[in-house]
Amino acid sequence: MTTRPPADLGMALEAVDTPALLIELDPFEENLRRLQDYLSGTSVNLRPHGKAHKCPIIGHMQIAQGAVGLCCQKVSEAEAMVFGGIADILVTNEIVGARKVARLASLARRARIAVCVDNPLQIAQLGEAVEAAGVEIRVLVDVNADMNRCGVEPGAPVVHLAQAIDKAKGLTFGGIQAYHGTSQHFRGHDERAAAIKGACAVVEKTIEALKKAGLACAEVSGGGTGTYEFEVASGLFTEIQAGSYIFMDHDYTLNKDKDGSTFQDFQQSLFVLATVISHPGPDRMVTDAGTKALSVDTGLPVTHDLGGIEYKMAGDEHGKLMLGGNSVDLSVGDKIKVVPNHCDTTVMLYDWFVGMRGGRVESVWPIPGRGETQ
Ligand SMILES: *Cc1c(COP(=O)(O)O)cnc(C)c1O
């Protein structure tokens, strides 16, 4: 079940109903190409994270450019992708609970499925589900790359889980995941480099321990938009899981490059279109995009092309442009573009992407993997 699309093909930007989630297709396509081109000169594959877009249409574009498959974070995202025709999924998370695990196993009837584990219970539940479904699933051991979220410690704990996977009928030990999520947004280039150096030490130690136990580590999966260059340079990783690179967001623009300038490997392509609905005083204008249209988990969104006017949240359905007495060429009824602070959690709020090129609507794509689903 989805809502009414906010736009029709060919419409001018000004006619798009709001709040709407826009993709500027020129920078978006350039972003897709850039990371794939960067990796095509290496032996490292791209497995983009689908949690950024939750949309199989975009997944197919990434695969057409050379991605080996997609990552998903939840079973519901994996279902949206597989039912949308994506043939190769890695769930980069621990999946627990008989019902969820059975749904994951059933996807393996239609696609090549892999999942991460860091506990014997997960392996036991997966083993039962694949046997009941008569399918096979690849299982990666999630290693703590020093981010201290999920993941077992490197070395022997990884070997124990890998052996349990190896013994289980229908499960294949597929390698390891070593993702350092928090470091994606470490602002300094050297801070990010240092964090991934730590992750690489974890990977090396683990590969060595697995080798001693006679277990080959086929895949080493990890990396994101903020650190991919370091994982690629390490020579240890076989695939990169970057997700946000296709859209970017304000949070990523606070990262710095090597020379201290703004991180600009990729361009902003995702915007929320909002309408100015009120101009009650010289200090402010009010829009129709509040916290139900723009996520604030990592900070506030920012205005685009409005000379640095601040955007504040003013409720579920209201945003505020803080004019501070400055004159601005805007009236009630005008539409403005806002840059989300965090792309993933903003996409989660919408049923449709409105693809724009040259000020006109070129595409309207559903987002079937969005929402609260399990
Ligand atoms: C979110 C996530 C990514 C992608 O990170 P970006 O910063 O969006 O590129 C990769 N791997 C895992 C496990 C993630 O959770």
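Residues numbered from 1 in each chain as written. Predicted model: local features only at pLDDT ≥ 70, side-chain atom pairs only at ≥ 80, totals over all residues. Heavy atoms only, no water.

1. A word on the side chain of Thr 346
Here is step 1 of the chain: Mapped onto the secondary structure, Thr 346 falls in helix H10 (residues 343–347).
Here is step 2 of the chain: There is a polar contact of 3.0 Å between the side chain of Thr 346 and the side chain of Ser 295. (Helix = DSSP H or I, 4+ residues; strand = E, 2+ residues; numbered from the N terminus. Polar contact = N/O pair within 3.5 Å; in protein donor to acceptor, adjacent residues only side chain to side chain.)

2. Here we look at the site of the ligand
Here is step 1 of the chain: Looking at the ligand, there are 14 residues lining it, with Lys 51, Thr 225, Gln 241, Ser 244 and Tyr 252 nearest.
Here is step 2 of the chain: Here Lys 51 contributes a side-chain N or O atom positioned 2.8 Å from an oxygen atom of the ligand.
Here is step 3 of the chain: Here an oxygen atom of the ligand and a backbone polar atom of Gly 243 are 2.8 Å apart.
Here is step 4 of the chain: With the chains in place, 96% of the 380 Å² that the ligand exposes on its own is no longer accessible.
Here is step 5 of the chain: Residue composition of the shell around the ligand, grouped by class: 3 nonpolar, 9 polar and 2 charged. (Near = heavy atom within 4 Å. Areas by Shrake-Rupley, 256 points an atom, 1.4 Å probe, with all protein chains shown as cover. Nonpolar A, V, L, I, M, F, W, Y, C, P; charged D, E, K, R; others polar.)

3. Some words on the packing of helix H4 (residues 98–107) against helix H5 (residues 120–133)
Here is step 1 of the chain: Two elements in contact, H4 and H5, have axes separated by 9 Å at closest approach and are oriented at 50°. Judged by the inter-axis angle, H4 sits oblique to H5. Regarding H4 and H5, the two cross each other, and that crossing is right-handed. In this structure, H4 contributes Ala 98, Val 101, Ala 102, Leu 104 and Ala 105 to the contact, and H5 contributes Gln 125, Leu 126, Ala 129, Val 130 and Ala 133.
Here is step 2 of the chain: Residue classes in the contact of H4 with H5 are distributed as 9 nonpolar, 1 polar and no charged. (Axes fitted to C-alpha atoms, helices over the stretch in contact; angles between N-to-C directions. Parallel < 35°, antiparallel > 145°, perpendicular 65-115°, else oblique. Left-handed = near helix turned anticlockwise from the far one by under 90°. Contact = heavy atoms within 4.5 Å.)

4. A few points about the pattern of salt bridges
Here is step 1 of the chain: What the rule picks out here adds up to 15 salt bridges.
Here is step 2 of the chain: The partner of Arg 112 in a salt bridge is Asp 88, with the nearest N and O atoms 2.9 Å apart. Placement of the pair is Arg 112 in strand S5 (residues 112–117) and Asp 88 in strand S4 (residues 88–94), with a sequence separation of 24 residues.
Here is step 3 of the chain: For Arg 112, a relative accessible area of 42% corresponds to the partly exposed category.
Here is step 4 of the chain: Looking at Asp 88, the relative accessible area reads 11%, which means it is buried.
Here is step 5 of the chain: Put simply, Asp 26, Glu 29, Arg 357 and Glu 362 are held in one network by salt bridges that share partners. (Salt bridge = Lys/Arg side-chain N within 4 Å of Asp/Glu carboxyl O. Buried < 20%, exposed > 50% of the residue type's maximum accessible area, 1.4 Å probe, protein only.)

5. Examining the pairing of strand S17 (residues 360–366)
Here is step 1 of the chain: Where strand S16 (residues 352–357) lies against S17, 6 bridges are found, and the strand directions are antiparallel. Its bridge partner lying in S17, Gly 355 is registered against Ser 363.
Here is step 2 of the chain: Hairpin remark: S16 followed by S17, antiparallel, with 2 residues in the connecting loop; positive phi at Gly 358, about 60°. (Pairing = 2+ DSSP bridges.)

6. What to know about the environment of Pro 48
Here is step 1 of the chain: In this structure, Pro 48 sits in the loop between strand S2 (45–46) and helix H2 (56–64).
Here is step 2 of the chain: Separated by 23 residues in the primary sequence, Pro 48 and Cys 71 have C-alpha atoms spaced 6.0 Å apart.
Here is step 3 of the chain: Apart from residues lying up to four places away in sequence, Pro 48 is in contact with Gln 62, Ala 67, Gly 69, Leu 70, Cys 71, Ile 240, Gln 241, Ala 242 and Tyr 245.

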